[in-house]
Amino acid sequence: MDSSYEYCRLNDLSEVEKEVTEVEEDPKYSYKITNLDAFWNTCSSIQGLGVLSMPLAASYGGWWFIISTIAVALISNYTAKILVRCLYRQHPILGYTRVRKTYADVGQAVWPTYGQYMVLVAKFLELLFQAASNPIACGEALHFLCPSIPVSTRTWILIFGLAMIPNICLNSVILLSKISMVTIVLGFGTFGTVIGYSVYQVPSWDIKDLLVFQPEKFPISLGLLVASYSAQIFLVVLEGSMRTPEKFNKVLNSGYVFMTLLKIALGVFGFLTFGRNVNEVVTNNLPTYFLVPINTIVIFLAFTGYSLPMFAVFDMMESSARSFLGKRCLDEYGQRPNTFCKYLIRINLVGITIVLATTIPHFSLILAFIGSLSCTSLALIFPCLFYIKLHWDEITWYELVLDAVIVVFGLLIAVSGLTYSTIDLLDVLSKN
């Protein structure tokens, strides 16, 4: 977004001006965060356990992994900015004013009939698959931690999936934010340990290994990368919560540079250290004296990482309950489900993630499938199409060309990634 934009905060406007802009400030945005808070939240939104699959992605592409990581990061950074720009509208008196609150609002502005639902469905699928990947990470970590126990990976996944059920009682946003902060700290500690161990193994590296390129696997690598950079649904909210939203671009750039360097370092160093034997979750390759403490942390990260997307899924379903539930199932205000129906919905959603995790017990495949199915839409395709539609009058020809190229690139990733990840998924299912 151009730094010359006038960021009009709705809570600073007069009542008359609020009526002119036809928007009201949501109370949940009343507390504004600092630029440093925004930086760490940016890093958190593009962190996740998927980062631990970067060495596997590097094993599929070699040098092309590095190029692709930089390319996907640049594109994701750009689409996040133009998506945020779609939240604003040119006002004759107030300048560029924030008139939309969420990604779904942008979709509705573009396509009033189905745009909002299109975004929400893609978001729902992304969050649900993202949540399902966490029991898989738990199961794989336990399988490597306790090889002497005669329990299969799938059984461990089922056990940890069932252990996720208490999340149906999660209602506190404050508790959720504390969980998020712990996840960030432990996540960086885990990544740092893997990178540090890999650097210690530099004498065993062979740079020629980076010449590897597996064309049949590389689309899966791209799917993993897109999934790891799909943070647009969170960044839209993040910009709205900043005290100085005019600095959003600088904060975003800093977060993306930091996390891109981290992903490249983890991917390349991990691949050069462990070679073709690199695991889907790279911590499983660590020696025993690191494996026990680090995989214990990974298990904890998977537990906390499950809560964040599922809380969002719960809220999505409950906020739209009146559209699919009868009046007897709604609360006294007729807006959200009553207590019984709320927990019934939540237990079913958790059940879906358990079924997904135990049916497809492969961390990298499920992440690649997510990246190809919904993340490409939310992170690459939708922002460009929405930006062209909402800012057609002011968009430059080179922006139009760039947006068109990104849309085509996103479609290619979606088609190729879905094709190859589906083939691998069917192959896995046929063997089980």
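Residues numbered from 1 in each chain as written. Predicted model: local features only at pLDDT ≥ 70, side-chain atom pairs only at ≥ 80, totals over all residues. Heavy atoms only, no water.

**Student:** Let's hear about a nonpolar patch on the surface: which residues, and what values?
**Tutor:** Side chains of Trp397, Tyr398, Val401 and Val405 sit close together on the surface and give an oily, nonpolar patch of about 480 Å² of accessible area. Summarising the element assignment, Trp397 is placed in helix α15 (residues 397–431). You can call Trp397 exposed: its relative accessible area is 66%. (Patch = residues over 30% accessible without salt bridge, like charges linked within 9 Å, V, L, I, M, F, W, Y side chains within 5 Å. Areas by Shrake-Rupley, 256 points an atom, 1.4 Å probe, with all protein chains shown as cover. Salt bridge = Lys/Arg side-chain N within 4 Å of Asp/Glu carboxyl O. Helix = DSSP H or I, 4+ residues; strand = E, 2+ residues; numbered from the N terminus. Buried < 20%, exposed > 50% of the residue type's maximum accessible area, 1.4 Å probe, protein only.)

**Student:** Which residues make up helix α14 (residues 363–390), and what values go with them?
**Tutor:** Spanning 28 residues, α14 covers 38 Å between terminal C-alpha atoms, matching the ideal 40 Å at 1.5 Å per step. At Cys375, α14 is bent by approximately 60 degrees, the largest bend along its length. Of all the 28 residues making up α14, 24 are buried; the element is thus mostly covered by neighbouring parts of the structure. (Expected span 1.5 Å × (residues − 1). Bend = angle between axes of the 7 residues up to and from the residue.)

**Student:** Residues and numbers for the side chain of Ser377, please.
**Tutor:** Turning to its location among the elements, Ser377 is positioned in helix α14. Residue Ser377 is classed as buried on the basis of its relative accessible area, which comes to 15%.

**Student:** Residues and numbers for the pattern of salt bridges, please.
**Tutor:** Applying the stated criterion to the full structure yields 6 salt bridges. Between Arg85 and Glu394 there is a salt bridge, with its nearest N and O atoms 2.7 Å apart. With Arg85 in helix α4 (residues 63–85) and Glu394 in the loop between α14 and α15, this pair connects stretches of sequence that are 309 residues apart. In this structure Arg85 comes out as buried when scored by relative accessible area, which is 12%. You can call Glu394 partly exposed: its relative accessible area is 30%. Residues participating in the shared-partner salt-bridge network are Asp315, Glu318, Arg336 and Arg346.

**Student:** Describe the packing of helix α12 (residues 288–319) against helix α13 (residues 339–359), listing the residues and the values that go with them.
**Tutor:** In a pair of packed helices, the angle between the axes and the distance between the axes together describe the arrangement. Where α12 contacts α13, the axes come no closer than 10 Å and their chain directions differ by 135 degrees. Comparing their axes, α13 and α12 come out oblique. Classified by chirality, the crossing of α13 by α12 is right-handed. Taking contact as the criterion, the partners of Tyr306, Met310, Val313, Phe314, Met317 and Glu318 in α12 are, on α13, Lys342, Ile345, Arg346, Leu349, Val350 and Thr353. Of the residues assigned to the contact of α12 with α13, the class counts are 8 nonpolar, 1 polar and 3 charged. (Axes fitted to C-alpha atoms, helices over the stretch in contact; angles between N-to-C directions. Parallel < 35°, antiparallel > 145°, perpendicular 65-115°, else oblique. Left-handed = near helix turned anticlockwise from the far one by under 90°. Contact = heavy atoms within 4.5 Å. Nonpolar A, V, L, I, M, F, W, Y, C, P; charged D, E, K, R; others polar.)

From the geometry alone we can't say anything about function, so treat these as descriptive.
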